[in-house]
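# Overview (structure and organization)
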Amino acid sequence: GWLFIDKILRMGVGLFVGVWLARYLGPEKFGLLSYATAFMALFGAFASLGLNGIVLRDLIQQPESANSTLGSAFALQTISGLVAVGLMFFAVTLLRPEDELAKTIVAILSFSLIFQSREVIKCWFESIVLSRYVVLAESAALFLLLVLKIFFIIFKLPLIYFAWLIFFDSVLVSLSLIFVYVKTGGELFSWKVNHKKMVALLKDGWPLIISGISAMIYMKIDQIMLSEILGDRSVGIYVAATRLVEVFYFFPYIIAASFFPIVYKKMSIDYDAFMDGMKVIFSIVYVVALLLSLFGFLFSYSIINFVYGNDYQDSVIIFSVHVFSLVFVFLSAAGGKWFLAEGKQIYLLYRSVIGIVINIVANVFFIPVYGAFGASVSTVITVFFVGFLSNLMSKKTMPLFKAQLDVVSFVFFFKKMSRDKA
């Protein structure tokens, strides 16, 4: 509930200011900032090392080893964040050797990746179901950030100031989380960097590292390709539409984070009860995604016109297609917990790598012909495969596919209604 309140707050207030920013900057400058944040997301997946799910699992299973888990994960993510900074700047220099503004903005944003190791603190609060402290800390930082962003817009400050604001946000959120962790009894200086634990985390997490990077590639590569093929304005038009969709991506993660610790405990006692619990999670996220998709499709013109105005009319058709990605993104996000519980992270890797291939091939085919609209079609095709169809490809993942199919086809709803009546 606390996580949900936090995301609703971020979605409402953050979207309002984000739209104001998009109107202020215009499609081209907004496209350049979006291009840079796409870079940050791509390399941020590497900086996280895919450890958050593993850390949460270990904190639940082995609470007595929390300090070792937190310290080792923090060290790994700090090191990977530093490496990611260098890789990020190298990549943008390679792609845009003469674009000094793009290189400067990407460089500023890259330093945010060093502070991504703060996520281990969030994992600790989630493991003991005390997410309200995370919400309070991040909400305080969010409020200050939004005030500064409004101030920058009112006084018409240049684009580079908004890049610095994104970096400042990472620093402020990190300090806020550390503060509440210490205030609630957390012993920061008791964390231990255990080399054996680091190796164990990497051993368990390496498929998630690659799958996380792969997921970011097929979620963000479209923005990079659009910018390189058609220019920054096309990115601005595309991101304006997709951001209205992506603002809802938090929902399945909140549901999974809130319910999974309870559902997971049933696994060793009654596997059928565990799978029924997973179906309940799938049912919630599926119904919400379906309703949002239909609403967005039917009212796409009114939504874009009201939110962004005339400069972004080209975003309407993109939004009307992209909104259907919610169904499969929601199922994929909730299904990710099943892979962790079963210890089958390697299949996340398989499906993500294939997803990259599908997405890049589709983008190469669709973007030159259909522009930003083609990028949206490519995204929907990719998430349909990754979030749903790929689970049909192996006997080991067939239980997940059947569970999702029961929900998608409403079989689970009818069975549950029959049981309730009985």
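What counts, and where the lines are drawn
Residues numbered from 1 in each chain as written. Predicted model: local features only at pLDDT ≥ 70, side-chain atom pairs only at ≥ 80, totals over all residues. Heavy atoms only, no water. Helix = DSSP H or I, 4+ residues; strand = E, 2+ residues; numbered from the N terminus. Rg over C-alpha atoms; globule rule 2.2 N^0.38 Å. Buried < 20%, exposed > 50% of the residue type's maximum accessible area, 1.4 Å probe, protein only. Contact = heavy atoms within 4.5 Å. Lys, Arg positive; Asp, Glu negative; His and termini not counted. Charge placed at Lys NZ, Arg CZ, Asp CG, Glu CD. Polar contact = N/O pair within 3.5 Å; in protein donor to acceptor, adjacent residues only side chain to side chain. pLDDT = per-residue confidence, 0-100. Salt bridge = Lys/Arg side-chain N within 4 Å of Asp/Glu carboxyl O. Axes fitted to C-alpha atoms, helices over the stretch in contact; angles between N-to-C directions. Left-handed = near helix turned anticlockwise from the far one by under 90°. Phe/Tyr/Trp six-rings, centres within 6.5 Å; stacked < 30°, edge-to-face > 60°. Lys NZ or Arg CZ within 6 Å of the ring centre and 35° of its normal. Parallel < 35°, antiparallel > 145°, perpendicular 65-115°, else oblique. Nonpolar A, V, L, I, M, F, W, Y, C, P; charged D, E, K, R; others polar.

### Focus: the overall build of the protein
Each helix and strand counted, the protein has 18 helices and zero strands in total. What you see for the protein is a C-alpha radius of gyration of 21 Å, in line with the 22 Å of a compact globule of 422 residues. By the burial criterion, 57% of the 422 residues in the protein qualify as buried. Counted over contacts in the protein with a minimum sequence separation of 6, partners at least 24 positions apart contribute 81%. Of the side-chain charges in the protein, 33 are positive and 25 negative, and the distance between the mean point of each set is 6 Å.

### A look at the side chain of Ser320
Residue position: Ser320 is located in helix H13 (residues 315-322). Polar side-chain contacts of Ser320 include one of 2.8 Å to the backbone oxygen of Ile317. Once you skip the residues sitting within four places of it in the chain, Ser320 turns out to touch Phe297 and Ser300.

### Regarding the confidence of the model for the protein
Considering every residue of the protein, the mean pLDDT works out to 83; 91% of them sit at 70 or more. Ranking the elements of the protein by mean pLDDT puts helix H18 (residues 411-421) last with 58 and H13 first with 93.

### Points about the side chain of Asp232
Among the structural elements, Asp232 can be located in helix H9 (residues 232-246). Setting aside residues up to four positions removed in sequence, Asp232 forms contacts with Pro27, Glu28, Gly31, Leu32, Arg96 and Ser227.

### As for the pattern of salt bridges
Pairs can form between side chains of opposite charge once their charged atoms are near each other. Considering all chains together, one arrives at eight salt bridges under this definition. With its nearest N and O atoms 2.7 Å apart, the salt bridge here joins Arg96 to Asp232. Placement of the pair is Arg96 in the loop between helix H3 (66-95) and helix H4 (100-110) and Asp232 in helix H9, with a sequence separation of 136 residues. The class for Asp232 is buried, based on a relative accessible area of 14%.

### A short note on unusual backbone geometry
Of note in this structure, Lys156 is not a glycine but carries a positive phi near 50°. With respect to the helices, strands and loops of the structure, Lys156 is situated in the loop between helix H6 (132-154) and helix H7 (159-183). Take Lys156: its relative accessible area is 64%, and that puts it in the exposed class.

### Topic: the packing of helix H14 (residues 325-342) against helix H17 (residues 398-408)
The interhelical angle for the contact between H14 and H17, taken along N-to-C directions, is 145°, at an axis separation of 11 Å. For the pair H14 and H17, the crossing hand works out as right-handed. Here Leu331, Gly335, Trp338 and Phe339 of H14 lie close against H17, whose contacting residues are Pro399, Leu400, Gln404 and Val408.

### Quick look at H13
Most of H13 is tucked away: six of the eight residues are buried. Turning to H13, the residues buried within the fold contact H9, helix H11 (271-298), helix H12 (300-308), H14 and helix H16 (372-387).

### Some points on the packing of aromatic side chains
The full count for this structure, using the stated rule, is 24 aromatic pairs. Measuring from ring centre to ring centre gives 6.0 Å for Trp164 and Phe167, while their planes differ by 80°; the resulting arrangement is edge-to-face. With Trp164 and Phe167 both in helix H7 and three residues apart, this pair spans about one turn of that helix. The positively charged end of Arg96 is found above the aromatic ring belonging to Tyr35, 4.1 Å away from the centroid.

### Topic: the environment of Ile254
With respect to the helices, strands and loops of the structure, Ile254 is situated in helix H10 (residues 250-264). By relative accessible area, which is 6% here, Ile254 ends up buried. Separated by 79 residues in the primary sequence, Ile254 and Ala333 place their C-alpha atoms 9.8 Å from one another.

### As for the packing of H11 against H17
One can describe the packing of H11 onto H17 by two numbers: an axis separation of 9 Å at closest approach and a directional angle of 45°. Here H17 runs oblique to H11, going by the angle between their axes. Considering how the two elements wind past one another, H11 and H17 form a crossing that is right-handed. For the pair formed by H11 and H17, the contact residues are Met275, Lys279, Phe282, Ser283 and Tyr286 on the first element and Pro399, Leu400, Ala403, Gln404, Asp406, Val407 and Val408 on the second. Here the residues of the contact of H11 with H17 are counted per class, giving eight nonpolar, two polar and two charged.

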